[in-house]
Amino acid sequence: MSAKDFLEALRWRYATKLFDATRPIPADVLAQIVEATRLSPSSVNLQPYRLMLLTERDRIDALIPATWLPNRPKLQSCAALAVLTVPTDLGDHTVEAFLDQVAAHKGIPRESLAEVEAKAKGFLMAMTPEARIEWARRQAFLALGTLLSACAAARVDSCPMEGFVAENYDRALGLPEQRMTTAVLVALGYRDADDPAAAIPKYRRTITAEPSGS
Ligand SMILES: Cc1cc2nc3c(=O)[nH]c(=O)nc-3n(C[C@H](O)[C@H](O)[C@H](O)COP(=O)(O)O)c2cc1C
């Protein structure tokens, strides 16, 4: 995709308020969006988030009561709901589990990662437990940006949402048992012909940065 096509995709996308409830997203397109999200970069490459992609109508419906009122029509009409979650117990064990996987993936001795391990643990432990969750959220939000861009590239409509009750989502999704919490949601689908938001012109502030030397 050229930079020009990418810009066109970003101009095409908007936070969709109402989806065409009769149109599912083809499985291969959903798989591409998930793969793009998986490729998102993260600090120390720890990827401290998980992506749940719900496509079953009853599972999405079960979350409607935990969603703020203005966002409910999005859940009622979307084809899929992406839920980005973050761990609430980031610590040494996170780094250890991650490096076990890296060593296995690369086929290298686990001991060769001792220095990286010490640095990553030091990095995490320098933060309070609350700051660690916030750090994980920042990484999840970067993945959110990648996900939204991938949707636009695939001409799949989306609406990112922070309007939900996290505790109730966590409970409904069984996250406390996994020591995870909900960070952000994205409703996915295809815009409904009656979505009034589609006609609202996009507003963005004028960017102030200029290439240096210009
Ligand atoms: C992190 C985040 C949370 C958002 N939460 C909501 C939400 O709960 N409900 C909603 O309708 N829109 C939500 N939005 C959409 C924004 O309002 C929208 O992206 C912004 O107004 C720009 O409009 P555009 O995306 O249509 O260009 C959210 C966007 C982001 C990035």
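What you are looking at is a predicted structure, and each value in this text was computed from that prediction instead of being measured. Each chain carries its own residue numbering, running from 1 in the written order of its sequence. Residues qualify for local features only when their pLDDT is at least 70, as the model is predicted, and side-chain atom pairs are given and counted only at 80 or more; totals for whole chains, interfaces and linings, by contrast, use all residues.

Enquirer: I tried to follow the overall build of the chain on my own but got confused; where do I start?
Expert: Secondary structure summary: the chain contains eight helices and four strands in total. Element order for the chain, N to C, with α for helix and β for strand: α-α-β-α-α-β-α-α-α-β-α-β. Principal-axis analysis of the C-alpha atoms places the extent of the chain at approximately 60 × 55 × 30 Å. Neighbour density around each residue's C-beta defines its exposure: 20 or more other C-beta atoms within 10 Å make it buried, 12 or fewer make it exposed, and counts between make it partly exposed, where C-beta atoms are placed from the backbone. When each of the 214 residues of the chain is scored for burial, the buried share is 29%. Counting from the N terminus, the helices are the DSSP runs of H or I reaching at least four residues and the strands are the DSSP runs of E reaching at least two.

Enquirer: Is there a simple way to explain the nonpolar core in this structure?
Expert: Residues of type Ala, Val, Leu, Ile, Met, Phe, Trp, Tyr and Cys that are buried and joined through C-beta atoms within 7 Å form what is called a nonpolar core. In terms of nonpolar packing, the biggest core is built from 44 residues, with Leu-81, Val-186, Ala-187 and Leu-188 touching the most fellow members. Among the elements of the structure, α2 (27-38), β2 (80-87), α6 (114-125), α7 (129-153), β3 (157-161) and β4 (180-189) are those that each provide at least two residues to this core. No other element matches α7, which puts nine residues into this core. Residues are treated as contacting if the C-beta atoms built from their backbones sit within 7 Å of each other. Residues in contact with Val-186, not counting those within four places in the same chain, are Ala-82, Leu-144, Leu-147, Leu-148, Ser-158, Cys-159, Pro-160 and Met-161.

Enquirer: Explain the sheet that holds β2 here, please?
Expert: Two pairing modes exist for strands in a sheet, parallel and antiparallel, and in both the strands are linked by backbone hydrogen bonds. Pairing between strands requires that DSSP locate at least two bridges from one strand to the other. With respect to topology, four strands assemble into an open sheet ordered β1-β2-β4-β3, the strand pairing being antiparallel. Single-partner strands in this sheet number two, and they are β1 (50-54) and β3. Each strand of the sheet is rotated relative to its neighbour by a mean of 25°, with strand direction disregarded. Here β2 runs beside β4; their pairing, made up of eight bridges, is antiparallel. By the bridge assignment, Leu-81 is partnered in β4 with Ala-187. An axis is simply a line fitted to the C-alpha atoms; with a helix, the fit covers only the stretch in contact. Between two such axes, the angle follows the N-to-C directions and lies from 0 to 180 degrees.

Enquirer: Quick question: what am I supposed to make of the site of the ligand here?
Expert: Taken together, the neighbourhood of the ligand is formed by Tyr-14, Ala-15, Asn-71, Cys-159, Pro-160, Met-161, Glu-162, Gly-163, Val-184 and Lys-202. Per-element accounting of the shell around the ligand gives the leading share, three residues, to β3. Note on residue categories: nonpolar means Ala, Val, Leu, Ile, Met, Phe, Trp, Tyr, Cys or Pro, charged means Asp, Glu, Lys or Arg, and polar means any other residue, Gly included. Among the residues making up the shell around the ligand, the classes are represented as six nonpolar, two polar and two charged. Only the C-beta atom matters for this test: placed from the backbone, it must lie within 6 Å of a molecule or strand for the residue to be near it.

Enquirer: Hey, could you run me through the environment of Glu-167 in this one?
Expert: Here Glu-167 lies in helix α8 (residues 166-172). Of the residues examined, Glu-167 has 13 C-beta atoms within 10 Å and is grouped as partly exposed. Sequence separation of Glu-167 and Arg-205 is 38 residues, and the distance between their C-alpha atoms is 34 Å.

Enquirer: Would you take a moment to explain α7 for this structure?
Expert: Every α-helical turn comprises 3.6 residues, leaving residues that sit three or four positions apart pointing alike. The end-to-end C-alpha separation of α7 is 36 Å, in line with the 36 Å expected for 25 residues at 1.5 Å each. Within two residues after α7, Arg-155 carries a phi angle of roughly 55°, on the positive side. Expected span of a helix, by definition, is 1.5 Å for each gap between consecutive residues, and there is one gap fewer than residues.

Enquirer: Looking at this structure, how should I read the pairing of β3?
Expert: If a strand is regular, its side chains alternate between the two faces of the sheet. For β3, the buried fraction is high: four of the five residues fall into the buried class. Across five bridges, the pairing between β3 and β4 is antiparallel. In the sheet register, Cys-159 faces β4, and the bridge partner there is Ala-187.

Enquirer: Help me understand the packing of α2 against α7, please; the structure alone is not making it clear to me.
Expert: When two helices pack together, their arrangement is given by the angle between their axes and by how far apart the axes lie. Running from N to C, α2 and α7 cross one another at 145°; their axes reach a closest spacing of 8 Å. α7 is crossed by α2, and the crossing has right-handed handedness. Contacts between α2 and α7 involve Gln-32, Ile-33, Ala-36 and Thr-37 on the former and, on the latter, Ala-143, Thr-146, Leu-147, Ala-150 and Cys-151. Residues belonging to the contact of α2 with α7 are distributed by class as follows: six nonpolar, three polar and no charged. By convention the crossing between two helices is left-handed if the near helix lies anticlockwise of the far one by an angle smaller than a right angle, and right-handed if it lies clockwise.

Enquirer: How do you make sense of the environment of Ala-15 when you look at a structure like this?
Expert: In this structure, Ala-15 sits in the loop between α1 (3-12) and α2. Separated by 146 residues in sequence, Ala-15 and Met-161 have C-alpha atoms that sit 9.1 Å apart.

Enquirer: Quick question: what am I supposed to make of the packing of helix α5 (residues 92-106) against α6 here?
Expert: Orientation of α5 relative to α6, taken along the N-to-C sense of each, is 150°, at an axis distance of 9 Å. Where α5 crosses over α6, the two elements pack in a sense that is right-handed. For the pair formed by α5 and α6, the contact residues are Asp-92, Val-95 and Leu-99 on the first element and Val-116, Glu-117, Ala-120, Lys-121 and Leu-124 on the second. Residues that form the contact of α5 with α6 fall into these classes: five nonpolar, no polar and three charged.

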